Amino acid sequence: MSPSAETIESLMDRRQAGDMDLNRGSLENATARLWLDPDTNRPVKSELEIKISQRGATATATLTVQYSEYGGPTAISIPPDVYDDPYELGCPGAG
């Protein structure tokens, strides 16, 4: 499934890309997929892929979520190697 233009614009308006200003023309493609368990109709996996381009550079981001153990306790943790400053290791895409 491909998200509607209104959905994409709404996400861009929220500036989910951090401090980077993306113009609406930079989004090339967005695809969302959902896998369901045929016995329960509950999601088992979802995937969102976004392709963007700006000033001659392109990037693809993929977010995959796995669902399991419905009804059980939930714990979410952030890996310790996640940094507060996304540019701490240099500008992404710079060679």
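All residue numbers refer to position in the chain's written sequence, counted from 1. Confidence filtering applies because this is a predicted model: local features only for residues at pLDDT of at least 70, side-chain atom pairs given and counted only at 80 or more, and all residues used for totals across whole chains, interfaces and linings. With hydrogens and water excluded, all non-hydrogen atoms of the structure serve as input to the side-chain values.

Draft legend 1. A look at the pairing of strand β3 (residues 57–66). Think of it this way: DSSP has to see at least two bridges between two strands before they count as a pair. Helix and strand assignments come from DSSP, with helices taken as H or I runs of at least 4 residues and strands as E runs of at least 2, each series counted from the N terminus. The pairing of strand β2 (residues 43–54) with β3 spans ten bridges and is antiparallel. Directly across from Ile52, in β3, lies its bridge partner Ala59. Between the end of β2 and the start of β3, which pair antiparallel, lie two residues, with Arg55 showing a positive phi angle near 50°.

Draft legend 2. The sheet that holds β2, seen in detail. Across the sheet, three strands lie side by side as β1-β2-β3; this open sheet has antiparallel pairing. The open sheet has two edge strands with one neighbour each: β1 (27–36) and β3. Averaged over all pairs of adjacent strands, the angle between their axes in this sheet comes to 10°, without regard to strand direction. For β1 and β2, the ladder comprises nine bridges, and the chain directions are antiparallel. Looking at β2, one finds that Trp35 is bridged to Lys45. What counts as an axis is a line fitted to C-alpha atoms, over the stretch in contact for a helix, and the angles between N-to-C directions run from 0 to 180 degrees.

Draft legend 3. Local environment of the side chain of Ser46. Inspection of the secondary structure assignment puts Ser46 in strand β2. Three exposure classes are used, based on accessible area relative to the maximum for each residue type with a 1.4 Å probe and protein chains only: buried under 20%, partly exposed in between, and exposed over 50%. Ser46 sits in the buried class, given a relative accessible area of 15%. In protein, a polar contact requires one atom able to donate a hydrogen and another able to accept it; more generally it is a pair of N or O atoms within 3.5 Å, and residues adjacent in sequence count only if both atoms are side-chain atoms. At a separation of 2.9 Å, a polar atom in the side chain of Ser46 contacts the side chain of Tyr67. In this analysis, two residues are considered to be in contact whenever any of their non-hydrogen atoms come within 4.5 Å of each other. Leave out the neighbours within four places in its chain, and Ser46 touches Arg33, Leu34, Trp35, Leu63, Thr64, Val65 and Tyr67.

Draft legend 4. Local environment of unusual backbone geometry. A positive phi angle is found at Asn41, which is not glycine, with a value near 65°. Summarising the element assignment, Asn41 is placed in the loop between β1 and β2. The backbone of Glu69 sits at a positive phi, close to 50°, despite the residue not being glycine. Its place among the elements puts Glu69 in the segment after β3. Its relative accessible area of 67% is what places Glu69 among the exposed residues.

Draft legend 5. Broad picture of the pattern of salt bridges. A pairing counts as a salt bridge when a side-chain nitrogen of Lys or Arg comes within 4 Å of a carboxyl oxygen of Asp or Glu. Summed over the entire model, instances satisfying the criterion amount to two salt bridges. In this structure, the salt-bridge partner of Arg33 is Glu47, at a minimum N-O distance of 3.1 Å. Of this pair, Arg33 sits in strand β1 while Glu47 sits in strand β2; the two residues are 14 residues apart in sequence, bridging distant segments of the chain. A residue is classified by how much of its surface remains accessible, and Glu47, at 17% relative accessible area, is buried. Lys51 is the partner of Glu49 in a salt bridge, and the nearest nitrogen-oxygen pair spans 3.9 Å.

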